[in-house]
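If you want the building blocks of each chain, they are given just below.
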Amino acid sequence: MTPFTYTAAPARVVFGAGSLQHLGRELEALGAHRALVLSTPEQEASARRVAELLGPRAAGVYAQARMHVPVETARGAREEARRVGADCAVAIGGGSTTGLGKAIALEAAGGAVRFPIVAIPTTYAGSEMTPIWGLTEGGVKKTGRDPRVLPAAVIYDPELTLTLPLDLTVTSALNAIAHAAEGLYAHDGNPVMSLMAEEGIRAAAAALAPLLKDAHDLEARSDALYAAWLCGTVLGNVAMGLHHKLCHTLGGTFGLPHAEVHTVVLPHALAYNAAAAAEAMARVARAVVSAGRPAASAPRAVFDLARDHGAPTALRELGMPAGDLDRAADLAVQNQYPNPRPLERAAIRELLQRAYEGARPD
Ligand code: NAD
C-alpha cells in the first residue's frame, strides 16, 4: 500500500428528507443568534422560507449570490452582514451561494472574527464540504484554501432538491463525479477518500436514470445528494488535477457554465490520464458497473452517462469559440501541478479539440 497521511476535516452533516427543520437546533449548537440568509435571486423564495423558519434568529435575506462570486457581490454581502449585525450565514443553494457565505467568512476570519456558515446545498457541486473559496475580479477568478471558510454544519435535505431542473441535475451529478474521479488518482490521496470517491460515483450514476423518469423521486434525489456529500468531501480533502484546472480556465477565462463544462471535459481528461492512472480508472469503471451501467472504460462510461441522460457532450454546444482553444491550451500548461500524466501542451490541445467536438473516447 502507498503510504499516506489522513487528516479528517471537522464537518458536521445532518442528512435526510425534512432535515431543514433542524436548522434552528444547528444554529443553537453553534451559539449563533443572527443569521444572514443567502441565496441567488432565483432562489429568493426558498431563502425567505428559511428566514421565516428562523423567526427572530434571522437577521435578513441577501439574495444576490452569483456564479464565481464577483468581488462586488462579496463586498455587498459583507456590508449587509455588518449592517444587520449578523453573526453567521445560512447559505441555501448551490456552489454560488455557498461561495458567497465563504467570502463573508473569509473577511471575518481576516479580522480574526468567527463567522460560521450553515450550508443547505440544493445542487451536487459539493462546495459545502470544502475549505476552498473563490473570488472573481476583473474576469479573473482567484481561489484559495482556508479552513475557516469550511461550513460549520451542513444540512442535506433532499426535499429541497426536487426543484432542481433536470438538465442541471445531470450536469451537477457529473460535476460531483469529477471530484471523485480525480480524487482517485490524487497525488495526496488516501484509502478513506478513495472509498468515498468510489461510493460517490456509484450513487451519483445510479440516481440519474430514475430521476430522468421522475424528477421528484425522493429516493433517487437522496442518492444524488448523498453522492454530492461524498464527492464534495473528496474535493475538500485531496488535490485535484488536470480536469479541474481545465474547467477552472474554461469557466473563469471563457465564462462557460460550471457544471456543464465539468460534464463535457471529464471523459477527455480521464482519457488523457488513463494510461498513467490504471487503478483509478478501474475503480471509476467498477463504480459505474455497480450502478448497473456498462463501462468498457472509465472515460467512455462517463461520456455515455452524460450522453444517455441528455447532457451536453461538446464544448461547442456551450458556446466555446473554436478560436480560443489554443489559448485555453496555453493557459492549461502555464503552471505545473501534480497530475498522473505530465502536462504536455500538444496532447492537451488535442484533448480540448476532442472535447470541443464531443468525440466519444475509446
Ligand atoms: P449555482 O449555485 O450557480 O446554481 C445554478 C442555478 O441553479 C442558480 O440559479 C440556482 O439558484 C439554481 N438552483 C440551485 N439549486 C436549485 C434547486 N434545488 N431548485 C431550483 N434551482 C436551483 O450552481 P452550482 O453548479 O451548484 O455551483 C457552481 C459554482 O460553485 C461555481 O462558481 C463553482 O466554481 C463553485 N464551486 C465551488 C466549489 C468549492 O469547493 N469552492 C465546489 C464546487 C463548485
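The structure we're discussing is the one just above.
What you see is a predicted model, and the numbers here were worked out from it, not measured in a lab. (Residues numbered from 1 in each chain as written. Predicted model: local features only at pLDDT ≥ 70, side-chain atom pairs only at ≥ 80, totals over all residues. Heavy atoms only, no water.)

Colleague: Pulling in residues and values, what's your account of the sheet that holds strand β1 (residues 13-15)?
Modeller: Across the sheet, which stays open at both edges, the six strands sit in the order β1-β8-β5-β4-β2-β3 with parallel pairing between neighbours. Here the strands that pair on one side only, and so sit at the sheet edges, are β1 and β3 (58-62). Strand-to-strand twist of the sheet, defined as the mean angle between neighbouring strand axes without regard to direction, takes the value 15 degrees. (Pairing = 2+ DSSP bridges. Helix = DSSP H or I, 4+ residues; strand = E, 2+ residues; numbered from the N terminus. Axes fitted to C-alpha atoms, helices over the stretch in contact; angles between N-to-C directions.)

Colleague: I'd love a proper account of the site of the ligand, names of residues and values included.
Modeller: What surrounds the ligand is a group of 23 residues, the closest being T40, S96, T123, T130 and K141. Here S96 contributes a side-chain N or O atom positioned 2.5 Å from an oxygen atom of the ligand. At 2.7 Å from a nitrogen atom of the ligand is found a side-chain nitrogen or oxygen belonging to T122. Taking 860 Å² as the accessible area of the ligand by itself, protein coverage stands at 85%. Broken down by element, the residue count for the shell around the ligand peaks at three residues, all from helix α4 (residues 95-110). When its residues are assigned to classes, the shell around the ligand shows seven nonpolar, 13 polar and three charged. (Near = heavy atom within 4 Å. Polar contact = N/O pair within 3.5 Å; in protein donor to acceptor, adjacent residues only side chain to side chain. Areas by Shrake-Rupley, 256 points an atom, 1.4 Å probe, with all protein chains shown as cover. Nonpolar A, V, L, I, M, F, W, Y, C, P; charged D, E, K, R; others polar.)

Colleague: So what's going on with helix α10 (residues 278-290)? Which residues, and what values?
Modeller: Spanning 13 residues, α10 covers 18 Å between terminal C-alpha atoms, matching the ideal 18 Å at 1.5 Å per step. Within the sequence span of α10, burial applies to A280, M281, R283, V284, A285, A287 and V288. On the buried face of α10, the contacting elements are α5 (166-184), α6 (191-213), α9 (258-273) and α11 (298-308). Backbone geometry just downstream of α10 places G292 in the positive-phi region, at approximately 85 degrees. (Expected span 1.5 Å × (residues − 1). Buried < 20%, exposed > 50% of the residue type's maximum accessible area, 1.4 Å probe, protein only. Contact = heavy atoms within 4.5 Å.)

Colleague: Account for the packing of α6 against α10, naming residues and giving values.
Modeller: Describing two packed helices takes the angle between their axes plus the distance from one axis to the other. Between α6 and α10, whose axes approach to 7 Å, the crossing angle comes to 40 degrees. Regarding the angle of α6 to α10, the classification is oblique. Where α6 crosses over α10, the two elements pack in a sense that is right-handed. From α6, S194, L195, E198, I201 and R202 reach across to α10, where they touch R283, V284, R286, A287, V288 and S290. When its residues are assigned to classes, the contact of α6 with α10 shows five nonpolar, two polar and four charged. (Parallel < 35°, antiparallel > 145°, perpendicular 65-115°, else oblique. Left-handed = near helix turned anticlockwise from the far one by under 90°.)

Colleague: Can you explain the side chain of T130? Please cite residues and give values.
Modeller: You can see T130 is positioned in the loop between β5 (117-121) and β6 (132-137). With relative accessibility at 2%, the residue T130 sits in the buried group. Side chain to side chain, T130 and K102 meet in a polar contact 2.9 Å long.

Colleague: Can you tell me about the packing of α5 against helix α8 (residues 242-252), naming the residues and giving the values?
Modeller: Viewed as axis vectors pointing N to C, α5 and α8 meet at an angle of 140 degrees, and their least axial separation amounts to 9 Å. With respect to each other, α5 and α8 are oriented oblique. Here α5 contributes A178, H179 and E182 to the contact with α8, which in turn contributes L242, H243 and H244. Of the residues contributing to the contact of α5 with α8, the split by class is two nonpolar, three polar and one charged.

Colleague: Go over the pairing of β6 with me, naming the residues and quoting the values.
Modeller: In summary, the side chains of a regular strand alternate between the two faces of the sheet. Both β6 and strand β7 (residues 140-145) contribute to a ladder of six bridges, which runs antiparallel. Bridge pairing links E137 to V140 in β7. Connecting the antiparallel pair β6 and β7 is a turn made up of two residues, with G138 showing a positive phi of about 55 degrees.

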